[in-house]
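Below, each chain spelled out in residue letters.
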Amino acid sequence: MALLPWQSAIVEQVLPESPGTNRYFLRLPDTQAFDFVPGQFITVDLPIHEQRNKRWRSYSIASAPSGTNTIELLIVRAEPSEGGSAYIWEHWKPGTVVPMRGPQGTFTVPSLLPEESLFLICTGTGVAPFRSMLQHWHQSGTFPQQPIYLIFGGRRREDLLYESELRGLADQYPQFRYLPTLSREAWDGAMGYVHAVYEPYCSQCPSAQFMICGWRTMVDETKHRLEALGYDRKQIHLELYG
Ligand SMILES: Cc1cc2nc3c(=O)[nH]c(=O)nc-3n(C[C@H](O)[C@H](O)[C@H](O)COP(=O)(O)OP(=O)(O)OC[C@H]3O[C@@H](n4cnc5c(N)ncnc54)[C@H](O)[C@@H]3O)c2cc1C
């Protein structure tokens, strides 16, 4: 598929979501309604390298399609400190103009059979595409009837991104289970990595689709574990951040 042309986006608002993660609201002045499918991402061009393709960084769209020209990104400040995300943290303020293109990507919700459960498995900002999907279903009145499990892995309590919003959705939709787990802080919820959380539910769900999003270690291990549990590759959908 041909790549979409570059266009300018303007940073409208920056909101902290956790100590290491910000929400960025971008407006696309040359577009009336930015059309995308939940799960897709955009690519931004950052002035951090002379070589063009070394300046590009991709970010999942965290908001639902709204018929407007504003989208939300959820960006964690990663190490090393001279990387693209560090640049964003230092330089993206309200009014900053950002070259971007998109939407791109095929990490979108597979069609579900009536008896199929959907597992959304992520760590950190890997929740962004899932937040877009959940908000889209909620806002458009199309929340699926099938069981949906969102398994979110973070280190500490403060890393739980969009926590109150996700708990609110779980209260409203009984078929939706929000299952956060923390690896480095004791609390009254699940502890450890995501695997110990989804595996007990899998045994009750032979018919399921899995969407996994985040950094390589978690994505690879989840995929291998699901294959070892007997799931077919076609049931496993991945978005690898790096
Ligand atoms: C399709 C797609 C969608 C993406 N969506 C998002 C998004 O919504 N939000 C977001 O924050 N990032 C997202 N990313 C990652 C993003 O594109 C950058 O890779 C990220 O911001 C780090 O870039 P950097 O230049 O700061 O660091 P780099 O110099 O590119 O990375 C440094 C190294 O650290 C690793 N790394 C970076 N951050 C982490 C982390 N938090 N945990 C573990 N390892 C890490 C990288 O894999 C790399 O090896 C996405 C990537 C892809 C491909």
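Scroll up for the structure.
Residues numbered from 1 in each chain as written. Predicted model: local features only at pLDDT ≥ 70, side-chain atom pairs only at ≥ 80, totals over all residues. Heavy atoms only, no water.

A short note on the pairing of strand E7 (residues 117–123)
Part 1: With 7 of 7 residues buried, E7 lies mostly within the body of the structure.
Part 2: Every second residue of E7 is oriented toward a common face, with Ser117, Phe119, Ile121 and Thr123 on one face and Leu118, Leu120 and Cys122 on the other, all of them buried.
Part 3: When E7 meets strand E8 (residues 148–154), the two strands line up parallel, connected through 6 bridges. Counted as the bridge partner of Phe119 is Tyr149 from E8.
Part 4: This β-α-β element, E7 to helix H2 (residues 128–140) to E8, shows right-handed connectivity. (Buried < 20%, exposed > 50% of the residue type's maximum accessible area, 1.4 Å probe, protein only. Helix = DSSP H or I, 4+ residues; strand = E, 2+ residues; numbered from the N terminus. Pairing = 2+ DSSP bridges. Right-handed = clockwise from strand over helix to strand, strands pointing away.)

Here we look at the packing of aromatic side chains
Part 1: In the structure shown here, the tally under the stated rule is 12 aromatic pairs.
Part 2: Between the aromatic rings of Phe119 and Tyr149, the centroid separation amounts to 4.5 Å while the plane-to-plane angle is 15°, which identifies the pairing as stacked. A residue pair is termed long-range when its members are at least 10 positions apart, and Phe119 in strand E7 and Tyr149 in strand E8 qualify at 30 residues. As far as burial versus exposure is concerned, Phe119 and Tyr149 are alike and both buried.
Part 3: Ring centres 4.9 Å apart and planes at 20° place the aromatic pair Phe119 and Phe210 in the stacked group. Of the two residues, Phe119 is situated in strand E7 and Phe210 in strand E11 (residues 208–214); the sequence distance between them amounts to 91 residues. Note on accessibility: Phe119 and Phe210 belong to one class, buried.
Part 4: The positively charged end of Arg101 is found above the aromatic ring belonging to Trp56, 4.7 Å away from the centroid.
Part 5: The side chain of Arg131 reaches across the aromatic face of Tyr162, ending 4.2 Å from its centre. (Phe/Tyr/Trp six-rings, centres within 6.5 Å; stacked < 30°, edge-to-face > 60°. Lys NZ or Arg CZ within 6 Å of the ring centre and 35° of its normal.)

Thoughts on the pattern of salt bridges
Part 1: Within this structure, the stated rule accounts for 14 salt bridges.
Part 2: Of the charged contacts in the structure, one is a salt bridge between Arg131 and Glu165, with a shortest N-O distance of 2.8 Å. Residue Arg131 is located in helix H2, and its partner Glu165 is located in helix H3 (residues 163–172); the two are separated by 34 residues in the primary sequence.
Part 3: For the salt bridge of Glu227 with Lys223, the shortest nitrogen-to-oxygen distance reads 3.5 Å. Placement of the pair is Glu227 and Lys223 together in helix H5 (residues 216–228), with a separation of 4 residues, close to one helical turn.
Part 4: One salt-bridge network, held together by shared partners, links Arg23, Glu72, Arg131 and Glu165. (Salt bridge = Lys/Arg side-chain N within 4 Å of Asp/Glu carboxyl O.)

Things to note about the nonpolar core
Part 1: Residues Val127, Phe130, Leu134, Leu150, Leu166 and Phe176 are the most contacted members of the largest nonpolar core, which totals 28 residues.
Part 2: Elements represented by at least two residues in this core include exactly E7, H2, E8, H3, strand E9 (176–182) and E11.
Part 3: For this core, the element with the highest residue contribution is H2, accounting for 5 residues.
Part 4: Contact partners of Phe176, with chain neighbours within four places excluded, come to Leu134, Phe143, Ile148, Leu150, Leu166, Leu169 and Ala170. (Core = buried A, V, L, I, M, F, W, Y, C linked by side-chain atoms within 4.5 Å. Contact = heavy atoms within 4.5 Å.)

Looking at the site of the ligand
Part 1: Close to the ligand lie 21 residues, the nearest being Arg57, Ser58, Tyr59, Gly84 and Ser85.
Part 2: A distance of 2.6 Å separates an oxygen atom of the ligand from a polar side-chain atom of Arg57.
Part 3: Contacts to the ligand include Tyr59, whose side-chain N or O atom sits 2.7 Å from an oxygen atom.
Part 4: Burial of the ligand by the protein chains amounts to 72% of its free accessible area of 950 Å².
Part 5: Of all elements in the fold, only strand E4 (56–60), strand E5 (70–76), helix H1 (84–91) and strand E12 (236–240) reach the threshold of two or more residues within the shell around the ligand.
Part 6: Considering each element in turn, the shell around the ligand owes the most residues, 4 residues, to E4.
Part 7: Considering only residue class, the shell around the ligand consists of 11 nonpolar, 7 polar and 3 charged. (Near = heavy atom within 4 Å. Polar contact = N/O pair within 3.5 Å; in protein donor to acceptor, adjacent residues only side chain to side chain. Areas by Shrake-Rupley, 256 points an atom, 1.4 Å probe, with all protein chains shown as cover. Nonpolar A, V, L, I, M, F, W, Y, C, P; charged D, E, K, R; others polar.)

Details of the sheet that holds E5
Part 1: The strand order E4-E3-E6-E1-E2-E5 describes an open sheet built from 6 strands, whose pairing is antiparallel. Bordering the open sheet on either side are E4 and E5, each of which pairs with just one other strand. Each strand of the sheet is rotated relative to its neighbour by a mean of 40°, with strand direction disregarded.
Part 2: Across 7 bridges, the pairing between strand E1 (residues 7–18) and strand E2 (residues 21–27) is antiparallel. Within E2, the residue paired with Gln13 across the bridge is Phe25. (Axes fitted to C-alpha atoms, helices over the stretch in contact; angles between N-to-C directions.)

Nothing here speaks to function; it is geometry throughout.
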